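Breakdown of the fold
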Amino acid sequence: MCLLLGSVSWGQATTSGSAQAAQIPGAPDTTFHDATGDQSRTASDALDTPLITIGGFCNNPADEKGAAVSDCKTVITRGQFERVIDAIQPGMSKHARREFALHYAEALVMARKAEQMGLDRGPNYQEQMELARIQVLSQDLRRSIQQGTSQVSDRDIEDYYTNNLARFERAEMDRIYIPRARKLVPVSGEKAIDAEMELREREAEKTMKKEADRVRIRAVAGEEFSILQAYAYEVAGIKSAPPSTSMVIRRISLPPNQISVMDLKPGEISSVFTDPNGYFIYQIKNKNVLPLNQVRDEITATLRSQHMEQQMRAIHESANPTLDESYFAPRALPRSNVAPDDPPSR
């Protein structure tokens, strides 16, 4: 926020004593009341309405007549304020606009004090301004590309739908989830060492894999999936209620190693799929392809993202930065918040 405030230049209508208004390119020609009320304001529309008033803050706090500092103020109109919002974040919420206005007014006062102290002539000022210019331009480029890729033709949408019908497959199915390992019951009076616990855990996993194979055999024989799901939780030692086996899912929502489920015919039962969480068995009830009118918005968003990515990739690949590795520290590897044995979130 501070960088945006420092890099966006917009005018201020200031008054002190004689109540002179500073002009902003494109802003209405407006005269404001000064602190004594001697001048009148003429406004062509609501955009001329004063939106932010900073009392005791102006370009010339004491004019040649010796006006008091309290008699000067800076007034920012609604039109001026909204042009800044449109430049940095169109569609900003009203709550965020209030916070932005307060921060902006505070930054104006601080910037004026910094100028009085000569900080705008310091050794780092120009470098900081150049860095801000680069960042603003890169943000404007990204925004411009986004606007350019926002228009997606009906023909492009229809072609994408026709060429990716499998992506829009949806199936109603039953699924059995078998936990990967049984819940171990502590042995009374026995303090198991790590090696013994690891052995017990491996045996528990082998037991549940065998149970998963037995559950599939029973499913193929025609036993109800809900009964088999309850059995799987029972043998795993889980006391909570088993989950529902009924579900509706899209092909793109399945894990990569389970996508083949969508190729089953209605009534067919899958093999046992192994997952870090456990084991899964599916049975297809019916499946269909979502009509175009239900996925049009999804396709539009996908094509916009693809076009944006293509243009950004072309820009990045047009130049190839290299670093002197003898100067820089080795690149730090990203740290994972997930322990090695934790199942990935779904």
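This text follows the structure it describes.
Below: a short report on this structure. Within every chain, residues take consecutive numbers counted from 1 along the sequence as written. Only residues with pLDDT of at least 70 are given local features in this predicted model, and only at 80 or more are side-chain atom pairs given and counted; all residues enter the totals for whole chains, interfaces and linings. Excluded from the side-chain calculation are hydrogens and water; included are all heavy atoms of the structure.

1. Description of the packing of helix α4 (residues 125-148) against helix α8 (residues 292-317)
Two measures define how a pair of helices packs: the angle their axes make with one another and the distance between the axes. Here α4 crosses α8 at 140°, and the two axes come no closer than 9 Å. With respect to α8, the element α4 is oriented oblique. Where α4 crosses over α8, the handedness of that crossing is right-handed. Of the residues in α8, those touching α4 at Leu-141, Arg-142, Ile-145 and Gln-146 are Met-308, Gln-311, Met-312 and Ile-315. Where helices are involved, their axes are fitted lines through C-alpha atoms of the stretch in contact, as for all axes, and angles between N-to-C directions lie from 0 to 180°. A helix here means a DSSP run of H or I that spans at least four residues, while a strand means a run of E at least two residues long, and both kinds are numbered starting from the N terminus. Note that the term roughly parallel is reserved for angles under 35 degrees, roughly antiparallel for angles over 145, roughly perpendicular for angles of 65 to 115, and oblique for everything else. Each crossing is labelled by how the near helix is turned from the far one, with a counterclockwise turn of less than a right angle marking it left-handed and a clockwise turn marking it right-handed. Note on definitions: a residue-residue contact is assigned when non-hydrogen atoms from the two residues lie within 4.5 Å.

2. Details of the sheet that holds strand β6 (residues 273-275)
Two strands pair if DSSP finds at least two bridges between them. Pairing within the open sheet is antiparallel, and its four strands lie in the order β5-β4-β7-β6. Both edges of this open sheet fall to β5 (246-250) and β6, since each of them pairs with a single strand only. Strand-to-strand twist of the sheet, defined as the mean angle between neighbouring strand axes without regard to direction, takes the value 45°. Bridge analysis of strand β4 (residues 169-179) against β5 gives five bridges, and the strand direction is antiparallel.

3. Considering the nonpolar core
Each nonpolar core is a collection of buried residues, namely Ala, Val, Leu, Ile, Met, Phe, Trp, Tyr and Cys, held together in the definition by side-chain atoms within 4.5 Å. Here the term buried applies to any residue with accessible area under 20% of the maximum for its type, exposed to any over 50%, and partly exposed to those in between, with areas from a 1.4 Å probe on protein chains only. Formed by 15 residues in total, the largest nonpolar core has its most connected members in Ile-176, Ile-178, Met-208, Tyr-279 and Ile-281. When contributions to this core are tallied by element, the ones reaching two or more residues are β4, α6 (194-220), α7 (225-235) and β7 (278-289). Residues in contact with Tyr-279, not counting those within four places in the same chain, are Ile-176, Tyr-177, Ile-178, Pro-179, Arg-180, Glu-205, Met-208, Lys-209, Ala-212, Val-272, Phe-273 and Thr-274. Core analysis: the second largest hydrophobic core is formed by 14 residues, Ile-54, Ile-76, Ile-88 and Ala-101 among them.

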